[in-house]
Amino acid sequence: MPEKKLIAGNWKMNGSLEANDALVRALVAGMRDARCDVAVCVPAPYLAQVQMLRHGAKLDLGAQDVSQHAQGAYTGEVSAAMLREFGVRFCIVGHSERRQYHGETDGLVAEKAKTALAHGITPIVCVGETLAEREAGKTEEVVKRQLAAVIHVNGHCISEIVVAYEPVWAIGTGKTASPEQAQQVHALLRKQLAAATAQAERVHILYGGSMNAANAASLLAQPDIDGGLIGGASLKAPDFLQIIAAASA
Ligand code: PGA
């Protein structure tokens, strides 16, 4: 497993100038002793604000999506080069909400990961099954298919990505995968990465889906859970700081 865990907040479409200011100041003040890597993935309009607020702190900046295109007539899209100009280090790609509401396919997600990598941004590639898929015994098939597309397009660069296993039924529902359920899928993903790169052990495989201050420690204690992608609990500084503390233990 990687040397340090990675805790990434996914603010989704939440925040305001005022709320972000209070949240980031509290995080920067509270995470001085963190022994894990920490990032916040913020809505694009707030990148400049958070870049200024985090100045000098160990808090990395992330985006929530990126265009697969370099530039041009793509109204509403944001390019990887633009994100880079704002000091973005991570970018979530293929979040289940984008797959579900914006029709993102496995192939598109793989292209977005490639574009991010080409601009020095680490893609956090999300995979995960729906409840219906889990109940039909298709969890393994679904996550393998999703990751295989990214491996196919990115070749040996695959060791540079971060993977996030986010069972769709656990996102924002308060239902977390048990540490054993999550570990089982993480081990599968690690094996799949190992077939593609000799560096699979250094790839962060994060768990996401209702991770919170109460359940973080037991999830993070699993051998193949290298951190978390946290939605709801990343909007509350005390909760997010407790997760950071659990990942620093
Ligand atoms: P949640 O979201 O922690 O609110 O369940 C996680 C995510 O969607 O990244």
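Residue indices follow the written sequence of each chain, beginning from 1 at its first position. At least 70 in pLDDT is required for a residue's local features to be given in this predicted model, at least 80 for side-chain atom pairs to be given and counted, and no such filter applies to totals for whole chains, interfaces and linings, which use all residues. Side-chain metrics in this entry use all non-hydrogen atoms of the structure; hydrogen atoms and water are not considered.

Caption draft 1: Broad picture of the pairing of strand β5 (residues 122-127). Of all 6 residues in β5, 6 are buried, a share of seventy percent or more. Strand pairing is assigned whenever DSSP detects at least two bridges linking the two strands. Secondary structure is summarised from DSSP: a helix means a run of H or I of at least four residues, a strand means a run of E of at least two, and numbering begins at the N terminus for each. Relative to β5, strand β4 (residues 88-93) runs parallel, the two sharing 4 bridges. If you follow C91 over to β5, its bridge partner there is P123. Pairing between β5 and strand β6 (residues 162-165): 4 bridges, direction parallel. Each residue of the ladder has a partner; that of V125, found in β6, is V163. For each residue, the accessible area found with a 1.4 Å probe, counting protein chains only, is set against the maximum for its type, and the residue is called buried under 20%, exposed over 50%, and partly exposed in between.

Caption draft 2: Highlighting the UniProt feature "binding site: substrate" (unreviewed entry) in the protein chain. UniProt marks N10, W11, K12, G172, S210, G231 and G232 with the feature "binding site: substrate" (unreviewed entry), using the numbering shown here. The greatest C-alpha distance among the residues just named is 13.8 Å, despite their covering 223 residues of sequence, which places them together in space. Lining the largest pocket, from the residues named above, are N10 and K12. In contact with W11, not counting residues within four places along its chain, are N20, L23, V24, V40, C41, V42, P43, V50, Q64, S234 and L235. The topology assignment puts G172 in the loop between β6 and α8 (179-194). UniProt positions are given in the numbering used here, feature names are shortened, and annotations may be inferred rather than shown by experiment. The pocket and cavity definitions rest on a 1 Å grid over protein atoms only: a 1.4 Å probe that fits but cannot leave marks a cavity, an open set with protein on both sides within 12 Å along at least five of seven lines marks a pocket, and residues lining either have an atom within 4 Å of a point. Two residues form a contact once any of their heavy atoms are found within 4.5 Å.

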